Amino acid sequence: MIKSLLARWRQGYRTVPFPSEEIKPLDRFRGRPYLDPGLCPENCRICVEACPTGAIQPIGNHFQIDLGRCLFCPDCQEACPAGAVKYSGDYRLAASRREDLFVREAEVQLAGALEKKRKKLFGRSLKLRQVSAGGCNGCEADINVLQTIVFDLGRFGIQFVASPRHADGLLVTGPVTGNMSLALRKTYDAVPTPKFVIAVGACAISGGPYIGQAEVQNGVNSELPVDLFIPGCPPHPLTILDGLLRLLGRLESRPNP
């Protein structure tokens, strides 16, 4: 017993101080991508052709990136001969509306808080039922990380529950396969109102690498109304945590990047 106490004392305090202090992910974390149109060669579409999910889309003489489709892979950056595609390293990606995930250059509209009624209900205590609707377990793994001592999701009053009848909302991962479509709908119907839905990861937002395939529904939004979109493949735990706290109005005072 004494040895266990000494070992714990030597470990010290391991929970990250987020959100009271800004946390920087590892250097290899790519974060939000952006395009510098000033560097793009005329009539160049190399990055568009290199993107495996069609996340880079031409808009007139410019381009936009759909963060909901983006896998945050380096294919576009490596293919661009002018270095116009870059990754900012910014983990703040969550948005309240699907259209806010379409970004040009460095602009971004981060998620806002729930409306007053639901914020009053869920702002201090939030119970979520996680549904893996055909995911690869990447997003699910990073969601589990939030419950470790490093992030300690419970200190914000956010917990995962086993039954949708005990939940305030759903947190969904995966592209919503045909076999999971009915199960997802039934789970949503079992959650008491008022309720909300959070789509985590490129698969849950747009279908991810499976977009357009007959076996998937191209994301949660085709089945249920979504209140929060958290991009990534998979999203960094800080990205998920940042999105959840913005949904609850805990980060309203922080300016958007």
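Residues numbered from 1 in each chain as written. Predicted model: local features only at pLDDT ≥ 70, side-chain atom pairs only at ≥ 80, totals over all residues. Heavy atoms only, no water.

S.K.: Just checking my understanding: could you explain the sheet that holds strand 2 (residues 56-59) for this structure?
M.R.: Remark on secondary structure: sheet strands pair via backbone hydrogen bonds, oriented parallel or antiparallel. Read across the open sheet, the three strands follow the order 2-3-5; overall the sheet is antiparallel. With partners counted over all chains shown, the strands left at the sheet margins are strand 2 and strand 5 (102-103), one partner each. (Pairing = 2+ DSSP bridges. Helix = DSSP H or I, 4+ residues; strand = E, 2+ residues; numbered from the N terminus.)

S.K.: Please clarify how the pattern of salt bridges should be interpreted in this entry.
M.R.: Pairing is possible between side chains that carry opposite charge, provided their charged atoms lie close to one another. Summed over the entire model, instances satisfying the criterion amount to ten salt bridges. For arginine 69, the salt bridge is made with aspartate 66, and the minimal N-O distance between the two is 3.9 Å. For aspartate 66, a relative accessible area of 1% corresponds to the buried category. Across the salt bridge formed by aspartate 90 and arginine 92, the nearest N and O atoms sit 3.1 Å from each other. Arginine 92 carries the same exposure label as aspartate 90, and that label is buried. Here the salt bridges share partners, and the residues they tie into one network are Arg32, Asp90 and Arg92. (Salt bridge = Lys/Arg side-chain N within 4 Å of Asp/Glu carboxyl O. Buried < 20%, exposed > 50% of the residue type's maximum accessible area, 1.4 Å probe, protein only.)

S.K.: Help me understand the environment of proline 74 in this model?
M.R.: Considering the arrangement of structural elements, one finds proline 74 in the loop between strand 3 (62-66) and helix 3 (75-79). The sequence separation of proline 74 and valine 85 amounts to eleven residues, and the corresponding C-alpha distance is 9.4 Å. Aside from chain neighbours lying at most four places away, what touches proline 74 is Arg30 and Tyr87. (Contact = heavy atoms within 4.5 Å.)

S.K.: Would you take a moment to explain the confidence of the model for the protein chain for this structure?
M.R.: Should the pLDDT be low somewhere, the predicted coordinates at that spot are not to be read in detail. Here the protein chain shows a mean pLDDT of 90. Residues at 70 or above account for 96%. Note on residues 253-257: pLDDT is under 50 here. Beyond four places in sequence and across chains, it has 14 contacts. (pLDDT = per-residue confidence, 0-100.)

S.K.: Any chance you could explain the packing of aromatic side chains here in plain terms?
M.R.: Aromatic ring pairs are described here by two measures, namely the spacing of the ring centres and the angle between the planes. Under the defined criterion, the tally for this structure stands at two aromatic pairs. Aromatic pair phenylalanine 18 and tyrosine 91: ring centres 6.1 Å apart, planes at 75 degrees, arrangement edge-to-face. Here phenylalanine 18 is found in the loop between helix 1 (2-11) and strand 1 (33-35), whereas its partner tyrosine 91 is found in the loop between strand 4 (85-87) and strand 5, with 73 residues between them in sequence. For tyrosine 91, a relative accessible area of 3% translates into the label buried. Consider the rings of phenylalanine 122 and phenylalanine 196, whose centres lie 5.4 Å apart with planes at 65 degrees: the pair is edge-to-face. Separated by 74 residues along the polypeptide, phenylalanine 122 in helix 4 (residues 116-122) and phenylalanine 196 in strand 9 (residues 196-200) bring together distant segments of the chain. The exposure classification of phenylalanine 122 matches that of phenylalanine 196, with both residues buried. The ring of tyrosine 188 has lysine 195 lying over it, and the distance from NZ or CZ to the ring centre is 4.1 Å. (Phe/Tyr/Trp six-rings, centres within 6.5 Å; stacked < 30°, edge-to-face > 60°. Lys NZ or Arg CZ within 6 Å of the ring centre and 35° of its normal.)

S.K.: Would you explain the sheet that holds strand 6 (residues 126-132) in this entry?
M.R.: Reading across from one edge, 7-6-8-9-10 is the order of the five strands in this open sheet, with parallel pairing throughout. Unpaired on one side and paired on the other, strand 7 (158-160) and strand 10 (228-230) mark the two borders of the sheet. With strand direction ignored, the average angle separating the axes of adjacent strands in the sheet is 25 degrees. With three bridges connecting them, strand 9 and strand 10 associate as parallel partners. Bridged to isoleucine 198 within strand 10 is leucine 228. Packing of helix 5 (residues 138-145) onto the sheet brings it into contact with strand 6, strand 7, strand 8 (169-173) and strand 9, and relative to strand 8 it is tilted by some 130 degrees. Contacts from helix 6 (residues 178-190) reach strand 6, strand 8 and strand 9, with the element oriented near 170 degrees to strand 6. (Axes fitted to C-alpha atoms, helices over the stretch in contact; angles between N-to-C directions.)

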